[in-house]
Amino acid sequence: MKLLFLFIASALAGTPTIISRREWGARPPRETNPLKINPPPFVVIHHSESQACATTARCKTLVKNIQSYHMNNRGWEDIGYNFLVGGDGKVYEGRGWNKHGSHVVPYNNKSIGICFIGSFAAAPPPTKQIQAAKDLIAYGVKMTNNILESDYPVWALLPKKETGVNNFLAKYPEYDGRGIVIAIFDSGVDPGAPGLQTTSDGKVKVIERFDCSGCGDVDTSTIVTPKEGFITGLSGKKLKIPENWTNPTNNYRIGVKRVFDLYPERLRERYQEENKETNWDNRHKIALAEANHRLSKLDTNTSALNESQKLVKEDLENVVEMLNNFEKKYNDLGPVYDCVLFHDGNKWVACVDTTEKGNLSECVLLGEYSITHQYARLTELDRLNYSINVHDDGNVLELVGLCSSHGTHVASIASAYFPNEPYLNGIAPGAQIISLTIGDGRLGSMETGTALVRAMIKVMKLQATKPIHVINMSYGEHAHWSNSGRIGELMNEVVNKYGVVWVASAGNHGPALSTVGTPPDISQETIIGVGAYVSPEMMIAEYSMRQKLPGTPYTWSSRGPTIDGGFGVTVCAPGGAITSVPNFTLRNSQLMNGTSMASPHVAGAVGILLSALKQRGVPYSPYSVKRALENSAVKLVDVESHAQGHGLLQVEKCFEHLITYSSTQERDVRFHISCGPNNTKGVYIRNKLRLDIIEASINVEPFFKYMKDVSSSTNNKIIFSMRLTLSCNAAYVNHPAHLELSNIARSFFIKIDTTGLPIGVHNTSIDAFDVRCVEKGPVFRVPITIIQPQEIIEPTYADKFFNVSFSPNVIKRHFFVVPDLATWAVIKLRSRDSHAGGHFVIHCMQILPKQSCKTLEINKHVTVSSNNDCIQSFPVKGGLVLEVVIAKYWANIGELTIDYGISFHGIKPSQPNITMLAADGIYSLEVTSLHGEEIFPSITFKNSVQILKPLESKTVPLTSRDVIPPSKQIYELNLTYTFHLNKATEVCPNSPLLSDVLYESEFESQLWMLFDNNKQFLGCGDAYPSKYTIKLSKGDYTIKMHIRHDKKDYLDKLSDTPLLLNQKLPNPITLDVYSSHSQAVIGGKKAIFGHTLCSSTVPLYIAPLPSDKYVPKNNNTAQYLTGYITYAKDELGKKVDCYPVKYILCDSVKKNNNKSDKDKSKMDEFRDALKELKIQWLAKLDPGSTTDEFYNDLLNEYPDCLELHTSYLQCIDPFEPKKQLPSIKKAVSTTLTKPIVKKYMALCDQVLNQVDHEKLLAYFSIKVDLRTEALQIKAQMERQKTTFIEALCRKGIYLCCLLELGDIMEGEGELPSVDDLNNSISEVWHMLLKFVDPVDSKMTNMFVLYFALWHSVTKKQYGRTLKYLVRIQEEKPSKDVEEKIIDVCHTNSWEHLVQYLQRTILSKFPIAYKPF
């Protein structure tokens, strides 16, 4: 075939006659791609080497023949040419303008291909055929400036071409995932999202939905029956039962659910913002403006106001203050909905009262999703689709929502189906989805052990009815170790016993090595780990980049090997997509990227492969699928293997592999590799010991897929025998050539000779091939990774790199042996181009034994320019290898040359962790500098720690929901802790025995929830305590924690597990460090050491904390303080080189202020003690005649004792908030009677008459009492004042009661007139003001606050009323006080406040603790 290349040039010609594709009968293309360069700089002329055509009919036939040949025989997406020119002088549209052709490499993506129909090797084409071509070219030139690409590359929004999915489905459309079920372990899947309603064969797409976290659980153990068609919900609302409901038993189970438990964080924020704008902002501004207007009308000259006017002014000021306070403390807790559950005779059905009015007929009645596949949106505003499940025979209603949009996006990539827009389809549009939510909405969207185990239990149980074939898990954390852990063991069981193919994202923590997460990094390599790849077409369609770049792994995609040498990344796949998201986002689709998006691509690909295998009756196993993926993937050129694994997924090749080698004896066999004494997954040499020769043992053991048929299982094991050839492409690895393997573990030794290996990373593998069939690829591989580090040269301890060129996603890796005394490093970057900068990633990491890759690292995105040095400091550990990665971000177009360097510094302490006991005196240690750094030690404490012991502990078996098949019961240990805060602070609960481990934990779950003394849920946390801090006011709190395991005896051992409560100090506390012991003792000159020319060691001495810096009684209860110490004076070092310090406090000893009087005999002291005991017990006795007699006896015995009367008052009239609160609305009844009130007042008068208040006032006006017995006098006067104020306030309250409630009080006796009562109340009020200021913000005396409250109500001054109610609520919150606040707001016509407070009251004062 002859080719003629022509530069496009302008020419004068006519407009060509173009026959469209529709006119000549073209088949639709399988796929279309745009040109890389548009307009194209080249035209390529071909001839078809076929018969020529002189008529339009004949030309059309020949064009159709050419298209059929190209698509059927060549397997192309369409006819290869952009245009064809016939002998009839007409142009036939092929792929058309601006389309990528298939006619000549490498010009397909930057040229227009024109084919002359006919064979013209011997003679030229006819004149009119040549002229038609010229006209076409001229037309293209003319239109160059006006041609815009009209076809958006929609096929790249959810890419499928790169991995061969499109070609596979074009060949086998029926293998699109039909008959396959994919479980999505994620944040939940929205069945209402676009593309998630049906499969390609018309079945329901999402067939199961479960929230495995427990976040959506509702306690429905309360059973009620209707009365007159109504039931009373747990919210207190009357709920009308619709007449069309069918309930044979007439029993209804009820519960309540706070809607924010179901809302994802972004939806909650949107709801709060819209609700505040709609129902709060304008109304509150109007109320505040009116209050300020009324206040401004008053005379501003306070001195000219009488007492009544002052109170009115104070009332208006309080109104303004309270309205501002409500605005400042506005916190929308969201509505709480009543839930009704019943059995209609066939199934469980539930209704959620989203109207909040009890009219259930306006609400949706849903059946269990597993049976009905029903779902509904909660409200029109939120658009959150929810469904229900029922557990424990109706005692638990599970409302299934979403904790983020992540899971829906993932499911759409795996399996979305758009019948009218097939280019938007997911990878396996015929597959069905089971949504298993492992993200806990209470924790944002963090996965928990409970959720993971429940999800796996559900997979195991469903295998009998709705078998799950593939699991996608785009979740994970970084474990400290992977060779053990309860959750990892269960994951292995799901794959090994139940035959499920498990696909997981590798993580987004690159570009450093060994950053693969868990999963896929668990004890066995059973899980397919997926890295993220971005193709040139994705760059254009998804990221709107200015130009295409070569396909590459994303910069942030996690890299292998695992920390114990395994591959980690199995394959890579497209890691970005614009596809469906949940309805609550109010979006149709969204761009998301990450290995979270690459994983469902592979899961969907596995789905279509398994669909093909099942329809063809071809056997497979999770192991054969994983091997086929590995052996069929295509290696990306110039891309490091740690990022791509075995290469880019290739579906067609994988299918061929599975079909061709479906009968091999190793199909159902997993080969477990363990290397060296630590049984690692591979050989991973990463240390400073540059040994030339390294020997390692390799153990290979076959494990067989679980089979119920014992006979077949044992027979397969008996006949299993493989003769293997071992191969390695690295000359530095010496290994055996052959291995004979049967059903037994075999070991062999390898020798690695690193002599001459250059500095850097070297990786290879020993591949085992079956000698009977080498072409099927390795049956197992032993990964080998060797890090050859660079030694840092003394004395500079630095290295620099100049004129280093970076294009997008270029990664430079350096490995350094960190000097022993180094404790921090500094890296500097600067651009050499004065007019350009770049987006870079700096990732520096050291791997510590049994520690995750995040333990000692820095991973920063930075901008590098020529104007300033980009400087980053980070901590290092001496003696270990440090990986330094400098990478230009993959999407940062253009080339940039930079200089960069790294320098090491250090001040190494002899004791990295300091634990200092206050009573131990001076604490000493030594520090050694690396090369004479300035030393300026500083200790700062930021937290105090309270050690909590469990108040209750109980181990119980859980329900059938938590039984691992076939019958492994899971138990739950419930622990209850209580604590009190004297001051508001931030707290962070921490169970150190279980913290910082999840997948690697021996226990399956730990979760704590924190409540106030009214059972209001305030927050929760789990395995990673540092993520969860909660701001708390002073008060009493309860923490409930649960731990789960299937071995009850394990849990019983934890019944006394302490909990650490980290409490943020109001202000940081510093501890002084000195250069000598003597200076530390006297508190002299603090330590500071200047720069020296070489390494030096100096002693440091830490003095105990002075008593004035931390006063226990002024702070929250604590057993020790925590903080950190820094040694460097250099700011870069001080910022990152810090070490933990723990300061254990001494137990505070209470001083005995009640010193015994020397003149008193022991008998006198006994009588005094007996007197106090009797008076104390009087207040605790039940009211009655016996108590009255006891009081009278004491009165005769101690006639002058003031406390006796108040103690008796406390007995007969206990000070209970509910009882003492005034009625804001008109009272209709009261338990008080006139005789009782008079009796109470008489007791108060006895106290008031015995106290000389003038003398009391005179005493408290004394500034300094110099008398020798001043302390005893002060204590006596304080007691007298307290008793006097209590009696005074009680009397005032009783007078107010008579004024407000006298008309409805029962009993005989005349009441004083209203004027007399008002005068008496005023007298009491004036007397009280002589001793205390009720409006003082520090006032905490409840008697004073309650009397002030009553006083404001009698004056109808509801601004003051509101202020005192709020003050009381701050001291001791209660539902009764909250309801009074609502009454006051209603009285003031603040309906927006009434609505707001009524909605929050159910969240603030729930009837029970939230269930786990």
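For the structure, check the block above.
Since the structure is predicted, the reported quantities are computational estimates derived from the model, not experimental observations.

Q: Any chance you could break down the packing of aromatic side chains for me, citing the residues and the numbers?
A: Per the counting criterion, the structure on display carries 43 aromatic pairs. Consider the rings of Phe 816 and Phe 904, whose centres lie 6.2 Å apart with planes at 70 degrees: the pair is edge-to-face. Taken together, the residues span a long stretch of sequence, with Phe 816 in strand β41 (residues 811–817) and Phe 904 in strand β47 (residues 896–905) at a distance of 88 residues. Considered together, Phe 816 and Phe 904 belong to a single accessibility category, that of buried residues.

Q: Explain the packing of helix α25 (residues 1253–1260) against helix α27 (residues 1314–1331) residue by residue, including any values.
A: Look at α25 against α27: their axes get within 10 Å of each other, and the N-to-C directions meet at 25 degrees. By the angle class used here, α25 and α27 are roughly parallel. From α25, His 1253, Leu 1256 and Leu 1257 reach across to α27, where they touch Met 1327, Lys 1330 and Phe 1331. Considered class by class, the residues forming the contact of α25 with α27 number 4 nonpolar, 1 polar and 1 charged.

Q: Can you break down the nonpolar core residue by residue, with the values?
A: Leu 1328, Leu 1362 and Ile 1381 are the most contacted members of the largest nonpolar core, which has 90 residues in total. Excluding residues that lie within four positions of it along the chain, Leu 1362 makes contacts with Met 322, Phe 326, Ile 1381, Val 1384, Cys 1385 and Trp 1390. Formed by 73 residues, the second largest nonpolar core is a distinct cluster that contains Ile 184, Ala 541, Leu 649 and Val 651.

Q: Lay out the sheet that holds strand β40 (residues 798–806) in plain terms, naming residues and giving numbers.
A: Across the sheet, 4 strands lie side by side as β40-β47-β42-β45; this open sheet has antiparallel pairing. At either margin of the open sheet sits one strand with a lone partner, and together these are β40 and β45 (870–875). Strand-to-strand, the axes of this sheet are offset by a mean angle of 15 degrees, without reference to chain direction. In this sheet, β45 lies alongside strand β42 (residues 824–831) in antiparallel orientation, the contact comprising 6 bridges. Pairing of Trp 824 across the sheet is with Pro 875, part of β45.

Q: Give me the lowdown on the side chain of Asp 564, citing residues and values where you can.
A: With respect to the helices and strands, Asp 564 occurs in the loop between β26 (552–553) and β27 (571–574). Polar side-chain contacts of Asp 564 include one of 3.5 Å to the side chain of Ser 482. A distance of 2.7 Å separates a polar atom in the side chain of Asp 564 from a polar atom in the side chain of Thr 562. Every residue in contact with Asp 564, bar those within four places of it in the chain, is listed here: Ser 482, Asp 521, Thr 680, Lys 681 and Gly 682.

Q: I'd like a rundown of the environment of Lys 227, residues and numbers included.
A: Looking at the secondary structure, you find Lys 227 in the loop between β10 (222–224) and β11 (230–232). Judged by relative accessible area, which is 66%, Lys 227 ranks as exposed. C-alpha of Lys 227 to C-alpha of Lys 240: the two residues are 13 residues apart in sequence and 9.7 Å apart in space.

Q: Describe in detail a nonpolar patch on the surface, supporting the description with residues and values.
A: The grouping of Met 1163, Phe 1166, Leu 1170, Leu 1173 and Trp 1177 at the surface amounts to a nonpolar patch, some 500 Å² of accessible area in total. Mapped onto the elements of the fold, Leu 1173 is located in helix α20 (residues 1162–1180).

Q: Break down the sheet that holds strand β50 (residues 923–929) for me, with residues and values.
A: Overall, antiparallel pairing links the 4 strands, which are arranged β48-β50-β63-β62 in an open sheet. Among the strands making up the open sheet, the edge pair consists of β48 (907–909) and β62 (1073–1074). Across 6 bridges, the pairing between β50 and strand β63 (residues 1097–1102) is antiparallel. Its bridge partner lying in β63, Leu 925 is registered against Leu 1100.

Calculation criteria
Residues numbered from 1 in each chain as written. Predicted model: local features only at pLDDT ≥ 70, side-chain atom pairs only at ≥ 80, totals over all residues. Heavy atoms only, no water. Phe/Tyr/Trp six-rings, centres within 6.5 Å; stacked < 30°, edge-to-face > 60°. Helix = DSSP H or I, 4+ residues; strand = E, 2+ residues; numbered from the N terminus. Buried < 20%, exposed > 50% of the residue type's maximum accessible area, 1.4 Å probe, protein only. Axes fitted to C-alpha atoms, helices over the stretch in contact; angles between N-to-C directions. Parallel < 35°, antiparallel > 145°, perpendicular 65-115°, else oblique. Contact = heavy atoms within 4.5 Å. Nonpolar A, V, L, I, M, F, W, Y, C, P; charged D, E, K, R; others polar. Core = buried A, V, L, I, M, F, W, Y, C linked by side-chain atoms within 4.5 Å. Pairing = 2+ DSSP bridges. Polar contact = N/O pair within 3.5 Å; in protein donor to acceptor, adjacent residues only side chain to side chain. Patch = residues over 30% accessible without salt bridge, like charges linked within 9 Å, V, L, I, M, F, W, Y side chains within 5 Å. Areas by Shrake-Rupley, 256 points an atom, 1.4 Å probe, with all protein chains shown as cover. Salt bridge = Lys/Arg side-chain N within 4 Å of Asp/Glu carboxyl O.

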